[in-house]
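A look at the structure
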Amino acid sequence: MASTRQIGAVGRWRGKEADVSDAELTVEVTGPVATVVMHNPARRNAMTAAMWRQLPELLDRLEPDADVRALVLTGAGDAFCAGADLGDLAELLDAGDASIAVAAEERLARFAKPTIAAIRGACVGGGAQLAVACDLRIAADDARFGVPPARLGLVYPAPTTRRLARLVGPSAAKHLLFTAELIDAERALRIGLVDEVLPPDRLAARVDELTATIAQRSPLSIAAAKEIIDERAEPARIAWWHRKVATTGEAREGVAAIAERRQPRFAWQPPTGD
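Everything numeric in this text was worked out from a predicted model, so none of it was measured.

Spatially, the three strands line up as an open sheet ordered 8-10-11, and their pairing is mixed. What marks the edges here is a single partner per strand, and that holds for strand 8 (122-124) and strand 11 (183-184). The strands touched by helix 4 (residues 126-133) within the sheet are strand 8 and strand 10 (144-146), with strand 8 carrying the most contacts at an inclination of about 85 degrees.

What follows is the structure in structure tokens.
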């Protein structure tokens, strides 16, 4: 059975007490998968200012962990995240695109390992912002999605707007932003906002299956693909990735595993701070 580690207000990180002031974001690491849980049940897991600040700190801790091969972001209970806590709205508005919410979103998007949003119930505003920053989105059929700035008289952050448009296309992004309407999981699947839709009782098992598959694949191949798809790899960086294939032994291990009819044992990890 895979070992489990927890990070939170009363959790621990490799035997040391976690320096976490807000217990509403927790992390559990089981085997190769880290699961970040947004927990604010009275407000359908809305993100408080403390939670927005905490997320990049948790990601900074998880990224260099060699045991972590994938990260799942989800909400406690039957909701993913209903957005930013309105009690902290003034702070977010004053900062504009430099807000703590955008900083958290950008850090999540830059996380070097695969990220998956496991979505039930409300995925609205800041919740959609975080889901779109993940690499993949797996939704239960009770999920509902919305981008509500036009209902509140707000301007959605430019990085968030562009990321949404790249994912679903300009027309679908405009529809979500212009109308502020909630859409169901099936429509979200049709426009490319989510990758799969399942009954709620199958969501966890499917996410477990998907992360287990990813954990067996080459971290080098995945990290390179993520940078290239996200348009963060210049030609020199792409050449660096190809050199890594030749020097790390990842490809030799992959080929040997096929010949020997076994699972590959990919060992490469990105250098810390790379």
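Another aspect to go through is the environment of Tyr156. With respect to the helices and strands, the residue Tyr156 is situated in the loop between helix 5 (149-152) and helix 6 (158-168). Tyr156 gets classed as buried once you look at its relative accessible area, which sits at 12%. Between the alpha carbons of Tyr156 and Gln129 there is a distance of 9.6 Å; along the sequence they are 27 residues apart. When near neighbours in sequence (up to four residues on either side) are disregarded, Tyr156 contacts Gly125, Ala128, Gln129, Val147, Pro149, Thr161 and Leu177. Reaching out from Tyr156, the side chain makes a polar contact with the backbone oxygen of Gly125 at a distance of 3.3 Å.

Right, let's get into helix 10 (residues 219-229). When helix 10 is considered as a whole, its buried residues turn out to be Pro219, Leu220, Ala223, Ala224, Lys226 and Glu227. Down the axis, helix 10 shows its buried residues gathered within 160 degrees of arc, on one side only.

One finds Met38, Leu62, Phe80, Ile119, Phe145 and Leu164 to be the most contacted residues of the largest nonpolar core, which totals 50 residues. Element by element, the count of residues in this core is highest for helix 1 (residues 49-62), at seven residues. Within the second largest apolar cluster, 12 residues are counted, among which are Leu198, Leu203, Leu210 and Ile214.

Basis of the calculations
- Residues numbered from 1 in each chain as written.
- Predicted model: local features only at pLDDT ≥ 70, side-chain atom pairs only at ≥ 80, totals over all residues.
- Heavy atoms only, no water.
- Pairing = 2+ DSSP bridges.
- Helix = DSSP H or I, 4+ residues; strand = E, 2+ residues; numbered from the N terminus.
- Contact = heavy atoms within 4.5 Å.
- Axes fitted to C-alpha atoms, helices over the stretch in contact; angles between N-to-C directions.
- Buried < 20%, exposed > 50% of the residue type's maximum accessible area, 1.4 Å probe, protein only.
- Polar contact = N/O pair within 3.5 Å; in protein donor to acceptor, adjacent residues only side chain to side chain.
- Arc of directions from axis to C-beta.
- Core = buried A, V, L, I, M, F, W, Y, C linked by side-chain atoms within 4.5 Å.

It is worth stressing that arrangement in space is one thing and function is another; only the former is reported here.
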